[in-house]
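# Notes for the structure review
Okay, here's what each chain looks like letter by letter:
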Amino acid sequence: MKIITFQADVLPLKNILFRLALRITQNRADAEDVVQETMMKVWNRRGEWQQIENMEAFCLTICRNVSLDKLRRMDRQVLSLEDTPTEAGGYDPIDHSHSANPEQQAVQRDRLQQVRRIISQLPEKQRSCMQLRDIEGKSYRDIATILGITEQQVKVNIFRARQTVKEKMMSVE
């Protein structure tokens, strides 16, 4: 049995937790608060760590629940994402190479903003499934564990989310 430590097994998850919290709360400050509260909750349950099969799924589940609780407490509607993936600690998919001209870069940036806006309008479960699968690269099984749904429900939510994004992007073009 592997010995779990906070520094080696939990702390490295902070960026993944932040991206999930940001996708749900859609506010950078709220996401930071959620990650901090998640880390405290995980730390307070350190006596149970050795019984946990997948520490990452455990932490992501707590993060998701804390994020949803925060939204409920604030009793507000979900707003569109204001942060770019780079500011969120993620990636910058825009081509900054010398071969891409400024016009192409502007078109890429506009498309990315449109996709982010469409994703932010998806139902929470579809948004979370898409975030965990397409951005975080989680398996269907891990997503099902994190969200507390079946693998089939995960697949359906991802399919519907992708279809919605595709349809809305086609109607924009």
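One structure accompanies this document, and this report is about it. These figures come from a predicted structure and were not determined experimentally. (Residues numbered from 1 in each chain as written. Predicted model: local features only at pLDDT ≥ 70, side-chain atom pairs only at ≥ 80, totals over all residues. Heavy atoms only, no water.)

Attention shifts here to the pattern of salt bridges. One pass over the structure, following the stated rule, counts eight salt bridges. The residue Arg19 makes a salt bridge to Glu136 at a minimum N-O spacing of 2.8 Å. Separated by 117 residues along the polypeptide, Arg19 in helix 2 (residues 14-25) and Glu136 in the loop between helix 6 (124-135) and helix 7 (140-147) bring together distant segments of the chain. Owing to a relative accessible area of 19%, Arg19 belongs among the buried residues under this scheme. On the accessibility criterion, Glu136 (13% relative accessible area) is buried. (Salt bridge = Lys/Arg side-chain N within 4 Å of Asp/Glu carboxyl O. Helix = DSSP H or I, 4+ residues; strand = E, 2+ residues; numbered from the N terminus. Buried < 20%, exposed > 50% of the residue type's maximum accessible area, 1.4 Å probe, protein only.)

The full count for this structure, using the stated rule, is three aromatic pairs. Relative to Trp43, the ring of Phe6 lies with its centre 5.5 Å away and its plane at 85°, an arrangement referred to as edge-to-face. Within this pair, whereas Phe6 is found in helix 1 (residues 6-10), its partner Trp43 is found in helix 3 (residues 28-44), the two being separated by 37 residues in sequence. Accessibility expressed as a relative area gives 39% for Trp43, which makes it partly exposed. Both rings, one in Phe6 and one in Trp49, keep their centres 6.3 Å apart while their planes meet at 15°; by these two values the pair is stacked. Of the two residues, Phe6 is situated in helix 1 and Trp49 in the loop between helix 3 and helix 4 (55-74); the sequence distance between them amounts to 43 residues. (Phe/Tyr/Trp six-rings, centres within 6.5 Å; stacked < 30°, edge-to-face > 60°.)

Our focus in this paragraph is helix 3. Under the 1.5 Å per step criterion, the end-to-end length of helix 3 is 24 Å for 17 residues, consistent within 8% with the ideal 24 Å. Turning to helix 3, its buried residues are Asp30, Ala31, Val34, Val35, Thr38, Met39 and Val42. In the core, the buried residues of helix 3 are packed alongside helix 1, helix 2 and helix 4. (Expected span 1.5 Å × (residues − 1). Contact = heavy atoms within 4.5 Å.)

Okay, the environment of Leu11 next. Topologically, Leu11 is positioned in the loop between helix 1 and helix 2. Remark: the alpha-carbon pair of Leu11 and Met39, spanning 28 residues in sequence, is separated by 8.0 Å. Those residues in contact with Leu11 that lie beyond four places of it in its chain are Phe6 and Met39.

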